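The primary structure of each chain is shown beneath.
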Amino acid sequence: MIKAALKLPELFPISTVPVLIRPFSSLTFSKEQVHCLLVHMFLGTTAIMGWMKYWSNFTRWLCSDGDISTVYLTVLIDYFEMYQIGLIAGNACVIFERKTYEFDTGNLLCSTNPLIPVHLSVSGKIGETSGEAEIDFANQDIGFGVSATQEEIIFGMSPELAIAMLFVPTIQDDETIYMKGAQLIGLYTGYGTSLKYAGRCTNTNQNWSERIVVAMDALPFDENDLKVQLQDDNLHRELQKCTCGFQDIKVVGTGFWGCGAFNGDRKLKFLIQWISASVAECEKLEFYCFGNELFYQECSHWIDTVHKEGWDIGTAYKFLLKRRVELEEFEEDLF
């Protein structure tokens, strides 16, 4: 490990990692560079830059006596051991890209383009369907932590993603972070306080160089007020964010994005993501309901109705505008 740390001047001749801000929209790291940075993060020898809101190393895990931090540290040690014995593809790369998108909701009103196929799964985890891009329900400042939110679990189970905290400043409203090539190291069960380590990922058939994770942050709301979330500015922002995140993706793997601590309405966020994936011309939307049987049943029935009535993108967007007016008089669900 020390030998790997001492290779920093050789692997990074300019003695720093560029910050991923416009116009520097993309950074590519060899697996050896990623390993070197993770070693320094483990040793606590990475610098804290002025723009960083949180931490730049694994001290929070190392100084915590919590079970969740122990899970993440176990996965990190697994990564180091796997790297040593050649189980991390040494000739591959990990790519980080800051994508942008200017969204015009006016174009939606007259769009006759079809809504793409959508598949609901009542159970399962994002990333389980082969070839799907995994949507990270991110904070504006992405990365790992000491709890077990969806984003923290993604970063904790795939330590190669953690180096993003060294060079990715706050995500802006028209931006998402596209990450490609990070290997899944750890498996888990549970969520939040129930998170448990479930061993190493031993999937030898997966081409990890093609794995895609997209970090996109939802708007935080003080409460789940559907009328507020349907306001023009809020609706535009979320449609822009999702369409930006879904660019250049064939199959989107997502779920209740922004519906936990951020208080997003689940049905609205589902439809926003369906419209956005259709605008981005993805091939399919894989939506995970995380065991919510009621949502699965209600949404499946509504999707059947949409298909029978032949909705397109414009029809779906007009539905949102119509429901916003109706909700001014009646307190009820989106559908």
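Quick notes on the rules
- Residues numbered from 1 in each chain as written.
- Predicted model: local features only at pLDDT ≥ 70, side-chain atom pairs only at ≥ 80, totals over all residues.
- Heavy atoms only, no water.
- Helix = DSSP H or I, 4+ residues; strand = E, 2+ residues; numbered from the N terminus.
- Rg over C-alpha atoms; globule rule 2.2 N^0.38 Å.
- Buried < 20%, exposed > 50% of the residue type's maximum accessible area, 1.4 Å probe, protein only.
- Areas by Shrake-Rupley, 256 points an atom, 1.4 Å probe, with all protein chains shown as cover.
- Lys, Arg positive; Asp, Glu negative; His and termini not counted.
- Charge placed at Lys NZ, Arg CZ, Asp CG, Glu CD.
- 1 Å grid on protein atoms, 1.4 Å probe; cavity = no way out; pocket = protein on both sides within 12 Å on 5 of 7 lines; lining within 4 Å.
- Points joined across faces, edges and corners; volume = space filled by probe spheres on them.
- Nonpolar A, V, L, I, M, F, W, Y, C, P; charged D, E, K, R; others polar.
- Patch = residues over 30% accessible without salt bridge, like charges linked within 9 Å, V, L, I, M, F, W, Y side chains within 5 Å.
- Salt bridge = Lys/Arg side-chain N within 4 Å of Asp/Glu carboxyl O.
- Contact = heavy atoms within 4.5 Å.
- Pairing = 2+ DSSP bridges.
- Axes fitted to C-alpha atoms, helices over the stretch in contact; angles between N-to-C directions.
- Parallel < 35°, antiparallel > 145°, perpendicular 65-115°, else oblique.
- Left-handed = near helix turned anticlockwise from the far one by under 90°.

Check the secondary structure of the protein chain and you find twelve helices and ten strands. A compact globule built from 335 residues would reach a C-alpha radius of gyration of about 20 Å, and the protein chain, at 21 Å, matches this within 12%. Taking the principal axes of its C-alpha atoms as reference, the protein chain extends roughly 65 × 40 × 35 Å. Looking at the protein chain as a whole, 54% of its 335 residues qualify as buried. Carbon together with sulfur atoms contributes 52% to the accessible area of the protein chain, which is approximately 15300 Å² in total. For the protein chain, the distance from the average position of its 26 positive side-chain charges to the average position of its 44 negative side-chain charges is 4 Å.

Roughly 340 Å³ of internal volume is contained in the second largest pocket. Taken together, 15 residues form the lining of the second largest pocket, with Ser 15, Thr 16, Val 17, Leu 37 and Ala 47 sitting closest to its centre. Counting only elements with at least two residues in the lining of the second largest pocket, the list comes to α2 (8-11) and α3 (31-43). Split into classes, the residues belonging to the lining of the second largest pocket amount to ten nonpolar, five polar and no charged.

Glancing now at a nonpolar patch on the surface. A surface patch of nonpolar side chains, about 400 Å² in accessible area, is lined by Met 1, Ile 2, Leu 6 and Leu 43. The class for Leu 6 is exposed, based on a relative accessible area of 65%.

To continue, consider the side chain of Lys 31. Its place among the elements puts Lys 31 in helix α3. Judged by its relative accessible area of 1%, Lys 31 falls in the buried class. Contact partners of Lys 31, with chain neighbours within four places excluded, come to Tyr 79, Tyr 83, Ile 88, Ala 89, Gly 90, Ala 92, Cys 93, Val 94, Glu 160, Gly 181, Ala 182 and Gln 183.

On to empty space enclosed by the protein. Per the counting criterion, the structure on display carries one cavity of 30 Å³ or more. Around the largest cavity, the lining residues are Trp 51, Met 52, Lys 53, Tyr 54, Trp 55, Asp 141, Ile 142, Met 165 and Val 168. When grouped by side-chain class, the residues that make up the lining of the largest cavity number seven nonpolar, no polar and two charged.

On to the sheet that holds strand β8 (residues 212-217). Strand order in the open sheet made by the eight strands is β1-β2-β5-β8-β4-β9-β10-β3, with mixed pairing throughout. With partners counted over all chains shown, the strands left at the sheet margins are β1 (26-30) and β3 (118-121), one partner each. Between one strand axis and the next, the sheet turns through 20 degrees on average, direction left out of account. With five bridges connecting them, β1 and strand β2 (residues 93-100) associate as antiparallel partners. Each bridged residue has a counterpart across the sheet, and for Leu 27 the counterpart in β2 is Phe 96.

With that out of the way, let us pick up the packing of helix α9 (residues 232-246) against helix α12 (residues 313-327). Packed helices, taken two at a time, are described by the angle between their axes plus the distance between the axes. Where α9 meets α12, the axes come as close as 12 Å, and the angle between the chain directions of the two elements is 155 degrees. When the axis of α9 is compared with that of α12, the two are roughly antiparallel. Seen from above, α9 lies across α12 with right-handed handedness. Two secondary-structure elements touch here, α9 through Asp 232, Leu 235 and Leu 239 and α12 through Tyr 317, Leu 320, Leu 321 and Arg 324. Partitioned by chemical class, the residues of the contact of α9 with α12 number five nonpolar, no polar and two charged.

A few words now on the pairing of strand β4 (residues 133-138). In terms of burial, β4 is a largely internal element, six of the six residues being buried. Residues Ala 133, Ile 135 and Phe 137 line one face of β4 and the alternating positions Glu 134, Asp 136 and Ala 138 line the opposite face, and both faces are buried. Judged from the two bridges that link them, β4 and strand β9 (residues 251-254) form a sheet pairing that is parallel. If you follow Ala 133 over to β9, its bridge partner there is Val 252. Two elements, β4 and β8, share five bridges in a ladder whose sense is parallel. If you follow Phe 137 over to β8, its bridge partner there is Met 216.

Shape is all these values report; function is a separate question.
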